[in-house]
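# Descriptive analysis of the structure
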Amino acid sequence: MLYGADYNPDQWPEEVWDEDVRLMQEAGVNIVSLGIFAWSRIQPAEDVWDFAWLDTVIEKLHAGGIAVNLATATASPPPWVSARYPETLPTDENGASYWPGSRQHFAPSSPVYRRLAGELVRRIAERYARHPAVVMWHVGNEFGCHLPMDFSDAARDAYRVWLRRKYDDDIAALNDAWGTSFWSQRYGSFEEVFPPRLAPYSHNPSSMLDYRRFTSDMLLECYLLEREILLEAGATQPITTNFMGPFKPADYRRWAPFMDVIADDCYPDPANPHRVRDAAFQRDLIRSLKPGVPWLLWEQATDAVNWRPSNPGKRPGALMAESAQSIARGADGIMFFQWRQSRAGSEKFHSAMLPHAGTGTRVWNAVTELGARLAALPELPAPGRDARVALVFDWESWWAVEERDHPTRVDYLALSLEWYGALHARGLLVDIVAPEDVDDGYDLVLAPALYLLRDAGAAALTRFVAAGGTLLTGPFSDIVDEHDQFRDGGFLTQLGPVLGLRFEDFGALAGATTGGTGVGAQGAHIADSASAGAVAFTLEGSSFSGRLVAETVHPMGAEVVAAFADGLAVGRPALTRHPYGEGEAWYVATQPVADGLDAVVAAVIEASGVRPVVDDLPADVEVARRGDLVTLINHGDVDAEVSIEGTDAESGRAVDRLSLASQEVRFILAPAGPASRRVSARVDASAL
Ligand code: GLA
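Residues numbered from 1 in each chain as written. Predicted model: local features only at pLDDT ≥ 70, side-chain atom pairs only at ≥ 80, totals over all residues. Heavy atoms only, no water.

### Concerning the overall build of the protein chain
Each helix and strand counted, the protein chain has 17 helices and 26 strands in total. For the protein chain, whose C-alpha radius of gyration is 26 Å, the value lies close to the compact-globule estimate of 26 Å for 688 residues. Here the protein chain holds 688 residues, and 61% of them are scored as buried. Intrachain contacts of the protein chain at a sequence separation of at least 6 include 73% that bridge at least 24 residues. Of the accessible surface of the protein chain, which amounts to about 25500 Å², a share of 51% is contributed by carbon and sulfur atoms. (Helix = DSSP H or I, 4+ residues; strand = E, 2+ residues; numbered from the N terminus. Rg over C-alpha atoms; globule rule 2.2 N^0.38 Å. Buried < 20%, exposed > 50% of the residue type's maximum accessible area, 1.4 Å probe, protein only. Contact = heavy atoms within 4.5 Å. Areas by Shrake-Rupley, 256 points an atom, 1.4 Å probe, with all protein chains shown as cover.)

Structure (structure tokens):
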């Protein structure tokens, strides 16, 4: 189990470094991410290089038994770069420059930035690739975090190259894909295409989708360029960068194959009532990016952050509870931003392992306790194919469904979290996958708002149901193809036969919104939805409401389980089920509110026969399975009782019933029953 933090010794005089190593040992730290923002210290001017300080720090850490995850330091170009090469600066959609003075002020497609960053990485790699202290490489930092899109001239030039490659140098193919007959947008050549800079009105949505793909690819290219240089210099250590969970600008599913190990930054908001659910979703998403390979929690806060409007600290015990949530869901490393609290700069109020107030503090005690407990854990099983439930979450669909000019505004992440929440609350372990990854290793699949559905995704979902799976999909799904264009034949063209439905109309509800802004490393929490428009439906004798839309769908073989009680679609199906092949496909024609969603999900769980990790889970107790390891966490404020037969992984004692105090964590070895299917073929052998 790795335990440690980002370490920024370049912010401190040399006298402090020895104390750092001593206190790291006291806290149980065994790894640090070193020098993430040290570019200006390593290369203070274009032809001046200073590695002496870094040599010293690495030697001290090595002598102290602390491993180094060495950064490539490319995330914040020094002032001389911006002053001498202004063409490296990114611009916003108005053409205004993002200026230096903060961090991440580089245009990812800028050839000059790439050349300068590449030279820095080459020098670092050549010097340290064979150093025994260096066990891993940290490329860049949170690619795209502050700058989700760049509209600079560098981006313009790179975009044209990217489009030429995508459309085989055939401008007619681009015109087809973007539907440019609309509004006189037909392009005569790739040189006529610009990034979607400020325009009088809506940009072509198909072009927006390509620009998002391009943006994700440019950030990935920066990572790959550095990775290539590290490998050329003889690096044999795992190479990675830090992800930010469900981060909209970067399609991490395309990135994952290039990470030797997935590392994630996660900052649950103590004020978010759904923080446990949201963080569980993030960790499940991260685990699902590289099935079978443990991932690393690369950054979390020991206490308060500095970047929300108000920054409360964590409740007592939450540090252990939140760390255990990661371990339970596949992590083999628990790390923080950062080791020692800064005394200057924008993050001086951000908590750290070593607070500015020193070691006689609540935070230091929590940090050392956590370190001791992690160090004493037995070796944990690798996360296997433990989940029998999957939630479909797709970046391209996310990008497309949130474009403007739709029947209603959908906050895709907020909606996915709501659907996930109904599974999480029941103690079901969930993989979070692309539609193409759905296979018969799952028994139940939920696919909310799958607006953009690629042919291969539709085929996988169809095969899944035909082979005996249970599918629940819902409003605003299967609307467009991969170019964000309607397919011929209306809507639900791919899944209609599986669902036994014909789709007629969206039935947007007035003023409906999903609310919220998303999670992620530095996102705000999801606000509870407040919708003006609502529709009623009755399920198993109880009345519920739906929001966003009340679609008109016609059964073509599907059984109507619930019907709308009011609105334009009154009497029409609100929830349907349809046997298809060996399985069954359900459709909900609105976004059910709270209890309604819970009731709908309960119905499909029942139909699918999937069982939770433990039965009768008390509210606020979280459970997850990782191979034979079952982790139980009481996130609530009162004691809770859970029945589970197994062996306590820490004490070795047999258990059958547990009493968990508030924030208490127990790790129990309890082999999965025969009902749990295992598919070892998906396990990637390139484990850390
Ligand atoms: C991110 C960054 C860190 C730091 C933290 C603060 O995760 O990677 O450098 O800014 O946020 O929460």
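### Things to note about the pattern of salt bridges
Using the criterion set out here, one finds 48 salt bridges in the structure. Between R156 and D153 there is a salt bridge, and its shortest N-O distance comes to 3.4 Å. One end of the pair, R156, and the other, D153, are both in helix α6 (residues 153-166), three residues apart, so they sit about a helical turn from each other. Assessed through its relative accessible area of 42%, D153 is described here as partly exposed. When the shortest N-O distance is used, the salt bridge between E396 and R454 registers 3.1 Å. With E396 in helix α13 (residues 395-401) and R454 in the loop between β12 (444-447) and α15 (455-466), this pair connects stretches of sequence that are 58 residues apart. Comparing E396 with R454 shows no difference in burial state: the two are buried. (Salt bridge = Lys/Arg side-chain N within 4 Å of Asp/Glu carboxyl O.)

### As for the environment of W339
Secondary-structure assignment places W339 in the loop between β9 (331-336) and α12 (362-376). For the pair formed by W339 and L23, sequence separation is 316 residues and the distance between their alpha carbons is 9.9 Å. Each residue touching W339, except ones within four places of it in the same chain, is listed here: A5, D6, Y7, D20, L23, M24, A27, V29, A352, M353, L354 and W364. Side-chain polar atoms of W339 contact the side chain of D20, separated by 2.9 Å. (Polar contact = N/O pair within 3.5 Å; in protein donor to acceptor, adjacent residues only side chain to side chain.)

### Section: the sheet that holds strand β18 (residues 559-563)
Read from one edge of the open sheet, seven strands run β11-β10-β12-β13-β20-β19-β18, paired in mixed fashion. Sheet topology places β11 (430-433) and β18 at the edges, where each strand pairs with a single neighbour. Neighbour-to-neighbour, the strand axes of the sheet open up by a mean angle of 20°, direction not taken into account. With four bridges joining them, strand β10 (residues 389-392) and β11 adopt parallel strand pairing. Each bridged residue has a counterpart across the sheet, and for V389 the counterpart in β11 is V430. Contacts between helix α14 (residues 412-424) and the sheet are confined to β10, β11, β12, β13 (470-473) and β20 (583-588), with β10 contributing the most and set at about 170° to the helix. Against the sheet, helix α17 (residues 595-608) engages β12, β13, β19 (573-580) and β20, with an angle of about 165° to β13. (Pairing = 2+ DSSP bridges. Axes fitted to C-alpha atoms, helices over the stretch in contact; angles between N-to-C directions.)

### Regarding the environment of L423
In this fold, L423 is placed in helix α14. When the C-alpha positions of L423 and A390 are compared, they lie 9.7 Å apart, and in sequence the two are 33 residues distant. With sequence-adjacent residues up to four places away left out, L423 is seen in contact with V389, L428, V430, L444, L446, V601 and I605.

### Digging into the packing of aromatic side chains
By the definition in use, this model includes 36 aromatic pairs. Residues F243 and W255 carry aromatic rings whose centres are separated by 6.1 Å and whose planes lie at 80° to one another, so their mutual orientation is edge-to-face. On the criterion of sequence distance, the pair formed by F243 in strand β6 (residues 242-243) and W255 in helix α9 (residues 252-255) is long-range, its members being 12 residues apart. Its relative accessible area of 1% is what places F243 among the buried residues. Ring centres of W395 and W398 lie 6.2 Å apart, and the angle between their planes is 45°; on these two criteria the pair is classed as tilted. Of this pair, W395 and W398 both sit in helix α13, three residues apart, which is roughly one turn of the helix. The burial state of W395 is the same as that of W398; both residues are buried. Here the aromatic cluster, defined as three or more aromatic residues joined through ring pairs, consists of F143, F243, F247, Y252, W255, F281, F393, W395, W398, Y412 and Y420. (Phe/Tyr/Trp six-rings, centres within 6.5 Å; stacked < 30°, edge-to-face > 60°.)

### As for the site of the ligand
If you check the shell around the ligand, you find 13 residues, and the closest are E142, E299, W307, E347 and H350. For the ligand, an oxygen atom lies 2.8 Å from a polar atom in the side chain of R103. W307 has a polar side-chain atom sitting 2.7 Å from an oxygen atom of the ligand. When the ligand is considered free in solution it has 310 Å² of accessible area, and contact with the protein chains removes 100% of it. A breakdown of the residues in the shell around the ligand according to their chemical character gives four nonpolar, four polar and five charged. (Near = heavy atom within 4 Å. Nonpolar A, V, L, I, M, F, W, Y, C, P; charged D, E, K, R; others polar.)

### So, the side chain of R308
For R308, the position within the fold is in the loop between β8 (295-299) and α11 (318-328). Of note is the side chain of R308, whose polar atom sits 2.6 Å from the backbone oxygen of Y267.

### Some points on the confidence of the model for the protein chain
For the protein chain, per-residue confidence averages 94 on the pLDDT scale, and 95% of positions sit at 70 or higher. Below pLDDT 50 for its whole length, residues 512-531 participates in 66 contacts with residues either more than four positions away or in separate chains. (pLDDT = per-residue confidence, 0-100.)

### A few points about the nonpolar core
Side chains that are nonpolar tend, in soluble globular proteins, to be buried together. Judged by nonpolar contacts, the single largest core of 176 residues is most densely connected at L61, W137, W255, W339 and L472. Ranked by the residues each element gives to this core, the list is headed by helix α5 (residues 111-128), at nine residues. Discounting residues that sit within four places of it in the chain, W255 has contacts with F143, S216, L219, L220, Y223, T241, F243 and A250. Listed in part, the 19 residues of the second largest apolar core include A155, A177, W178 and Y211. (Core = buried A, V, L, I, M, F, W, Y, C linked by side-chain atoms within 4.5 Å.)

### What to know about unusual backbone geometry
The peptide bond linking F337 to Q338 adopts the cis configuration, its omega dihedral lying at -5°. Here Q338 lies in the loop between β9 and α12. The backbone of E142 sits at a positive phi, close to 35°, despite the residue not being glycine. Within the fold, E142 resides in the loop between β4 (134-138) and α6. Residue class for E142 comes out buried when judged on its relative accessible area of 3%.

### Observations concerning the state of the cysteines
Scanning the model with the defined rule gives zero disulfides in all. Left without a disulfide partner, C145 is nearest to the cysteine sulfur of C266, which lies 13 Å away. Given a relative accessible area of 15%, C145 falls into the buried group. A residue is classified by how much of its surface remains accessible, and C266, at 3% relative accessible area, is buried. (Disulfide = S-S within 2.5 Å.)

### Considerations on a nonpolar patch on the surface
A cluster of nonpolar residues, F182, W183 and Y201, forms a patch on the protein surface that exposes about 390 Å² of accessible area. For Y201, the location among the structural elements is in the loop between α7 (171-178) and α8 (205-232). (Patch = residues over 30% accessible without salt bridge, like charges linked within 9 Å, V, L, I, M, F, W, Y side chains within 5 Å.)

### So, the sheet that holds strand β25 (residues 654-660)
To summarise the sheet geometry, strands pair through backbone hydrogen bonds and adopt either a parallel or an antiparallel arrangement. Judged by pairing direction, the sheet is antiparallel, and its five strands sit side by side in the order β22-β23-β26-β24-β25 without closing on themselves. The sheet is open, and its two borders are formed by β22 (621-626) and β25, each paired with just one other strand. For this sheet, the mean inter-axis angle between neighbouring strands, taken without regard to orientation, is 25°. The pairing of strand β24 (residues 640-648) with β25 spans six bridges and is antiparallel. Paired with E641 across the strands is S659, a residue of β25.

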